[in-house]
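Descriptive analysis of the structure
Listed here are the chains, written in short residue letters.
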Amino acid sequence: MTHFLLAAKRAHLKIPCGLLLLLIVGGEILLPLKGWAQSFSDTGTFSFTGSSNPVLIAQRYREFLPGDGVRVGPVQLHPFLGVAEVWTDNVFRTNRNEESDFLTTIAPGIQASLPFGGKHSFLLDYRAAQFLYSKFSGNNSFTQNGVGHLTLDYPGGLRVDVDANVVGGFDARGSEVDSQQPDITKWNSNTFRSTAQLVGTNLGIRGGVRYTQLSFRNNGQDRPRDRNNAAANLTIFIPTSVTTSALLGGFISDQNYDRNNQLDSFTYGVFTGFRIAPSRQLSGELNVGYNILNFDRAPEGETLKIQELLRMGLSIGGKQQKALFISGNLRWRPTSRLSFVFRPFRLIQQAAVFNTSTFTQTGVGLRVSQTFNTRLFINGSVLYTNSDFEGGRSDNRYRLRTELEYRTVKWLGFKFAYIFERRFANQTIFRFNANTVMLSIQAFL
């Protein structure tokens, strides 16, 4: 490790440590089963750790895990455990002085669910992951996520969801906001949100609110990046056929930093699109619109104040930002054994890293899943993102992942995965290539 740090110092680099959170936990090492003939991966990804944007931790509410589990009176318990061994040829995600390492991940979890009053339900869910590196133990970390989710489902089409979400995570190495310091940048987030939806024959309406508090625990990131965010959205659905609806909506978001007040902002936007009712073959939603971010306290033109803020290691805010807004999640299942998931996105995000205040991120993800029989599955995914930062930095990132899953018995499965990542950037320090191989075991009751 000392040799690596000295070599990087001669190359004028700040050293990123830690890594693979999105590749391992976000890559489904412990995904529980969803029926005997379905893939472990069908239940989604554990992206709560390593997420560089905790506000986007989960676009969907945590759902009941399938199966009977363990009954304790009216409560249904689902314990699960994942263990993975990983090798990567670029553990620090650098463009030179690349180092390989082995990583062992142990990821336990448990869910308790309680249906009541007909379709109402309450869910408690806890998931954790311990990361243990072989050579570079300074990258070791522990992450966790706890969720409480209440669902009230009334006759007539009214549904109300309320949840609280607590996360202990870190900035994944190679992510857009990786500050490339010797220690992993760790943070805690607390989120409360609620959504109400009423779907009728001629009209549907959905509205939601969310509040998130984000606090950083090390690397001096608390001063420039600690913040809270309050947001609300409203969408109206108008049926155009039996299976499709046109939609029109809007959203607002107010962001306030604890100390870096120059980045306080107010964002608003409008969008339109369509929604396809769930069917055997096609379902999902696509939104396209426009969003605007206004800084509340950016000291534009105040040269002395700008110089003082830079000396203090704080950001200076910026001018009004405008961008096309895209959000979508479309699922196509041409056969009972083959499925495609398509996810386009574009949005403005705030950064507070590397003397930049915002970046506009555009990308698309595609996932393909093929079931061969009740025991064998293959999955593939491709992700492309472009991040244009205020200040001139531009990144283009590609990620390819292939997986082979095998189920021995109903409650035990194995997975082999290969992941390739590459980032092109107009600044050399942010470029890297990485190859990763993973073998995991998952158990679920």
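Remember, it's a predicted structure, so these values are computed and weren't measured experimentally. Every chain is numbered independently, its residues counted from 1 as its sequence is written. Residue-level local features of this predicted model are given only where pLDDT is at least 70; pairs of side-chain atoms are given and counted only at 80 or more, and the full residue set underlies all totals for whole chains, interfaces and linings. Just so you know, side-chain values use all the structure's heavy atoms and leave hydrogens and water out.

Regarding the overall build of the protein
The criterion, for reference: What counts as a helix is a DSSP run of H or I of at least four residues, what counts as a strand is a run of E of at least two, and both are numbered from the N terminus. Under the scheme applied here, a residue whose accessible area is under 20% of the maximum for its type counts as buried, over 50% as exposed, and between as partly exposed, the area being computed with a 1.4 Å probe on protein chains only. Between two residues, a contact is recorded if the distance between any of their heavy atoms is within 4.5 Å. All accessible areas in this document rest on Shrake-Rupley with a 1.4 Å probe, and a residue is counted as covered only by the protein chains that are shown.
When its secondary structure is counted, the protein shows four helices and 19 strands. Per-residue burial for the protein yields a buried fraction of 47% across its 445 residues. Sequence separation of at least 24 residues holds for 60% of the intrachain contacts in the protein that already meet a minimum separation of 6. Of the roughly 20,300 Å² that the protein leaves accessible, carbon and sulfur atoms contribute 60%.

Focus: the environment of Asn140
Tracing the chain through its elements places Asn140 in the loop between β4 (120–133) and β5 (141–153). On the accessibility criterion, Asn140 (26% relative accessible area) is partly exposed. As a C-alpha pair, Asn140 and Leu103 span 37 residues in sequence and 9.0 Å in three-dimensional space. Beyond its immediate stretch of four places on either side in the chain, Asn140 contacts Phe131, Leu132, Tyr133, Ile184 and Lys186.

Considering the nonpolar core
Across soluble globular proteins, you tend to see nonpolar side chains buried next to one another. How we decide: Residues grouped as a nonpolar core are buried Ala, Val, Leu, Ile, Met, Phe, Trp, Tyr and Cys residues, joined through side-chain atoms within 4.5 Å.
Counting 13 residues, the largest nonpolar core has Val86, Val91, Leu103, Phe131, Tyr133 and Met438 as its most contacted members. When residues of this core are traced back to their parent elements, those giving at least two are β2 (75–88), β3 (101–116), β4 and β18 (412–425). At three residues, β4 tops the list of elements feeding residues into this core. Ranked by size, the runner-up nonpolar core spans seven residues in total, among them Leu293, Phe295, Ala323 and Ala352.

Some remarks on the pairing of strand β8 (residues 204–216)
The condition is simple: When DSSP finds at least two bridges between two strands, those strands are taken to pair.
Pairing analysis gives 13 bridges linking strand β7 (residues 186–199) to β8, with the strands arranged antiparallel. Following the sheet pairing, Asn188 is matched in β8 by Ser215. Turn length for the β7-β8 hairpin, with the two strands adjacent in sequence and antiparallel, is four residues. Direction of pairing for β8 relative to strand β9 (residues 227–239): antiparallel, over a ladder of eleven bridges. Its bridge partner being in β9, Gly208 is matched across the sheet by Asn233.

Considerations on the environment of Asn355
Here Asn355 is to be found in the loop between β14 (338–353) and β15 (356–371). On the basis of relative accessible area, Asn355 is assigned to the exposed category, the value being 73%. Each C-alpha atom, one on Asn355 and one on Phe389, is 9.9 Å from the other, the two residues being 34 residues apart in sequence.

Considerations on the pattern of salt bridges
Definition in use: Every case where a carboxyl oxygen of Asp or Glu lies within 4 Å of a side-chain nitrogen of Lys or Arg is listed as a salt bridge.
Scanning the model with the defined rule gives 16 salt bridges in all. Across the pair Asp163 and Arg193 runs a salt bridge whose closest N-O atoms are separated by 3.2 Å. Taken together, the residues Asp163 in strand β6 (residues 158–170) and Arg193 in strand β7 connect sequence positions 30 residues apart. Each member of the pair, Asp163 as well as Arg193, is classed as buried. One continuous salt-bridge network, built from bridges that share partners, spans Arg367, Arg401, Glu403, Glu405 and Lys415.

Some remarks on the side chain of Arg93
What counts is decided by this rule: Polar contact is defined as a pair of N or O atoms within 3.5 Å, subject to the rule that within protein one atom must be able to donate a hydrogen and the other to accept it, and that residues adjacent in sequence are counted only when both atoms are side-chain atoms.
Looking at the secondary structure, you find Arg93 in the loop between β2 and β3. With a relative accessible area of 2%, Arg93 lands in the buried category. Engagement of the side chain of Arg93 in a polar contact is seen with the backbone oxygen of Asn90, the distance being 2.8 Å. A polar side-chain atom of Arg93 sits 2.8 Å from a polar atom in the side chain of Glu421.

Remarks on the pairing of β2
Covered by surrounding structure in β2 are Gln76, His78, Phe80, Gly82, Ala84, Val86 and Thr88 only, the residues Val75, Leu77, Pro79, Leu81, Val83, Glu85 and Trp87 on the alternate face being uncovered. Relative to β2, strand β1 (residues 70–72) is paired through three bridges, and the arrangement is antiparallel. Each bridged residue has a counterpart across the sheet, and for Arg71 the counterpart in β2 is Gln76. Where β2 lies against β3, 13 bridges are found, and the strand directions are antiparallel. By the bridge assignment, Ala84 is partnered in β3 with Thr105. Relative to strand β19 (residues 432–444), β2 runs antiparallel, the two being bridged by nine bridges. If you follow Ala84 over to β19, its bridge partner there is Ser440.

Topic: the environment of Pro79
Along the chain, the position of Pro79 falls in strand β2. Along the sequence, Pro79 and Asp125 sit 46 residues apart, while their C-alpha atoms lie 9.9 Å from each other.

Re the packing of aromatic side chains
Using the following cut-off: Ring geometry is summarised as follows: Phe, Tyr and Trp rings, the Trp one being its six-membered ring, pair when their centres sit within 6.5 Å, and such pairs are stacked at plane angles under 30 degrees, edge-to-face over 60 and tilted between the two.
Taken as a whole, this structure holds ten aromatic pairs when the rule is applied. Measuring from centroid to centroid gives 6.3 Å for Phe251 and Phe271, while their planes differ by 25°, and the two rings are stacked. Here Phe251 is found in strand β10 (residues 244–257), whereas its partner Phe271 is found in strand β11 (residues 265–276), with 20 residues between them in sequence. With respect to class, Phe251 is no different from Phe271; both count as buried.

Quick notes on a nonpolar patch on the surface
Defined as follows: To count toward a patch, a residue needs a relative accessible area above 30% and no salt bridge. Like charges then connect within 9 Å, nonpolar side chains (Val, Leu, Ile, Met, Phe, Trp, Tyr) within 5 Å.
A grouping of Tyr154, Leu158, Leu198, Leu203, Ile205, Leu234, Ile236 and Ile238 is seen on the molecular surface, where their side chains present a nonpolar patch of about 660 Å² in accessible area. Top contributing element to the nonpolar patch by residue count: β9, with three residues. One can find Leu158 in strand β6.

Some words on unusual backbone geometry
Here the phi dihedral of Arg93 falls at roughly 55°; this positive angle occurs in a residue that is not glycine. Non-glycine residue Asn97 carries a positive phi angle of around 55°. Mapped onto the fold, Asn97 is located in the loop between β2 and β3. Given a relative accessible area of 29%, Asn97 falls into the partly exposed group.

Any link to function would need more than the numbers given here.
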